[in-house]
Amino acid sequence: MAPKTSTDRTTARLVVLISGNGRNLQAILDAVTAGALPAEVVRVISNRGTARGLEKARRAGVPTRVLRPRDYPDRAAYDAALADTIAAESPDIVALAGFMRILDSAFVQRFAGKLVNIHPSLLPRHRGLDTHGRALAAGDERHGASVHYVTEDLDAGPCLIQGSLRVADDETPDSLAERVMTRVEQRIYPQALAWIAEGRATWDDGRIRFDGRPLETPIHVDCDPD
Ligand code: GRF
């Protein structure tokens with residue numbers, strides 16, 4: 001969200017949720033450091049104490065918090081505690097960056113319009129898991145990643161940006177995953193968050209506006225090598 005004149009904020013407050021390596025988190029932190037993303041990562045939260053992304057956050061001086069599902073009686077209790085922890089940071093943006101849990105509808109509604117995710121496929125193709133293997137099995141000529149607002153339907157909220165690359169002849173799921181991460185995800189997620197932080201991309205009751213106009217189709221970037 002754009003900095004509000006009613007506060008003395010100069011940058012958007014960003015909370016990032018992770019479960020694993022945190023390579024998207026690292027790209028976000030690097031973009032902040034480079035001045036390309038006018039946001040402050042105010043907290044990184046993980047559902048796993050072993051998530052390697054936690055170390056990346058600590059190295060960048062970002063406060064972390066681990067919330068383990070086993071410490072809560074059920075999903076609703078966990079999601080409520082997670083939501084309270086996030087809300088305590090007064091975030092403008094909540095970014096899911098490899099957070100491997102489905103969030104319940106109360107959570108999604110509480111952060112509607114602030115909650116974004118990166119998914120490693122060209123949505124609506126290949127919702128869910130194993131996207132790279134499924135893109136190969138389907139014979140897709142292009143594959144990539146999407147940044148979308150999170151709604152109650154899994155991986156189905158409106159997309160802000162997609163990046164794609166050509167699938168190579170000798171591609172494996174691992175090589176494709178690596179190329180999509182480094183060439184696409186680490187490029188489009190900081191870009192999407194910058195547009196939101198700058199107020200260029202906004203959420204208007206279930207639709208995205210970009211520079212004030214309804215965004216009819218996601219912005220697309222070609223991430224093939226030159
Ligand atoms: C990424 O591929 C992301 O798109 C997916 O999970 C993976 C997380 O990787 N949702 P990392 O933790 O950012 O390294």
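Remember, predicted model here, so these are calculated numbers, not experimental data.

Novice: Could you give an account of the environment of Gly 144, naming the residues involved and the relevant values?
Specialist: Tracing the backbone shows Gly 144 in strand β6 (residues 142-149). Judged by relative accessible area, which is 0%, Gly 144 ranks as buried. Linking Gly 144 and Ala 76, residues 68 residues apart in sequence, is a C-alpha distance of 33 Å. Excluding residues that lie within four positions of it along the chain, Gly 144 makes contacts with Pro 120, Ser 121, Leu 122, Gly 163, Ser 164, Val 180 and Val 184.

Novice: Requested: an account of the nonpolar core, with residues and values cited.
Specialist: Generally speaking, nonpolar side chains in soluble globular proteins are found buried as a group. Counting residues in hydrophobic clusters, the biggest one holds 45 residues, and the most contacted among them are Leu 14, Val 16, Leu 37, Leu 160, Tyr 189 and Leu 193. For this core, the element with the most residues is helix α6 (residues 173-198), which contributes 11 residues. In this structure, Leu 67, Ala 83, Ile 86 and Phe 99 belong to the second largest nonpolar core, which totals 19 residues.

Novice: Tell me what's going on with the site of the ligand, and back it up with residues and numbers.
Specialist: Close to the ligand lie Gly 20, Asn 21, Gly 22, Arg 23, Asn 24, Gly 98, Ile 118, Pro 120, Met 181 and Glu 185, which account for all nearby residues. A distance of 2.9 Å separates an oxygen atom of the ligand from a polar backbone atom of Asn 24. Ile 118 places a main-chain nitrogen or oxygen 3.4 Å from a nitrogen atom of the ligand. Elements represented by at least two residues in the shell around the ligand include exactly α1 (23-34) and α6. By residue class, the composition of the shell around the ligand is 3 nonpolar, 5 polar and 2 charged.

Novice: Residues and numbers for unusual backbone geometry, please.
Specialist: Omega for the peptide link from Leu 123 to Pro 124 comes to 15 degrees, which places this bond in the cis form. Phi is positive for Ser 90, close to 45 degrees, though the residue is something other than glycine. For Ser 90, the location among the structural elements is in the loop between α3 (75-87) and β4 (93-96). The residue Asp 155 is not glycine, and still its phi comes out positive at about 55 degrees. Mapped onto the fold, Asp 155 is located in the loop between β6 and β7 (159-166).

Novice: Any details on the pairing of strand β5 (residues 115-119)? Residues and values, ideally.
Specialist: Most of β5 sits out of view: 5 of its 5 residues are buried. With burial as the criterion, each face of β5 is covered, one bearing Leu 115, Asn 117 and His 119 and the other bearing Val 116 and Ile 118. Read from β4 through helix α4 (residues 105-110) to β5, the crossover connection turns out right-handed. Of the strand pairs in this sheet, β5 and β6 are connected by 4 bridges, and their pairing is antiparallel. Its bridge partner lying in β6, Ile 118 is registered against Val 147.

Novice: Provide a residue-level description of the side chain of Glu 89, including the pertinent values.
Specialist: Along the chain, the position of Glu 89 falls in the loop between α3 and β4. When residues no more than four places from it in sequence are discounted, the contact partners of Glu 89 are Arg 13, Val 15, Val 42 and Arg 43.

Novice: If you had to explain the environment of Val 32 to someone new, which residues and values would you point to?
Specialist: Along the polypeptide, Val 32 turns up in helix α1. Considering only alpha carbons, one finds Val 32 and Leu 122, 90 residues apart in sequence, at a separation of 26 Å. Every residue in contact with Val 32, bar those within four places of it in the chain, is listed here: Leu 37, Ala 39 and Val 41.

Novice: Tell me about the sheet that holds β4, and name the residues and values.
Specialist: Ordered in space as β3-β2-β1-β4-β5-β6-β7-β11, the 8 strands form an open sheet in which the pairing is mixed. Looking along the sheet, the strands with just one partner apiece sit at the ends: β3 (64-66) and β11 (219-222). Pairwise comparison of adjacent strand axes, ignoring direction, gives a mean angle of 20 degrees for this sheet. One ladder, built from 7 bridges, connects β6 with β7; its direction is antiparallel. Looking at β7, one finds that Arg 142 is bridged to Arg 166.

Novice: Pulling in residues and values, what's your account of the sheet that holds strand β10 (residues 213-214)?
Specialist: Read from one edge of the open sheet, 3 strands run β8-β9-β10, paired in antiparallel fashion. This sheet does not close on itself; its edge strands, each paired only once, are β8 (201-204) and β10. Relative to strand β9 (residues 207-210), β8 runs antiparallel, the two sharing 4 bridges. Note on β9: the bridge partner recorded for Asp 204 is Arg 207.

Rules used throughout
- Residues numbered from 1 in each chain as written.
- Predicted model: local features only at pLDDT ≥ 70, side-chain atom pairs only at ≥ 80, totals over all residues.
- Heavy atoms only, no water.
- Helix = DSSP H or I, 4+ residues; strand = E, 2+ residues; numbered from the N terminus.
- Buried < 20%, exposed > 50% of the residue type's maximum accessible area, 1.4 Å probe, protein only.
- Contact = heavy atoms within 4.5 Å.
- Core = buried A, V, L, I, M, F, W, Y, C linked by side-chain atoms within 4.5 Å.
- Near = heavy atom within 4 Å.
- Polar contact = N/O pair within 3.5 Å; in protein donor to acceptor, adjacent residues only side chain to side chain.
- Nonpolar A, V, L, I, M, F, W, Y, C, P; charged D, E, K, R; others polar.
- Right-handed = clockwise from strand over helix to strand, strands pointing away.
- Pairing = 2+ DSSP bridges.
- Axes fitted to C-alpha atoms, helices over the stretch in contact; angles between N-to-C directions.

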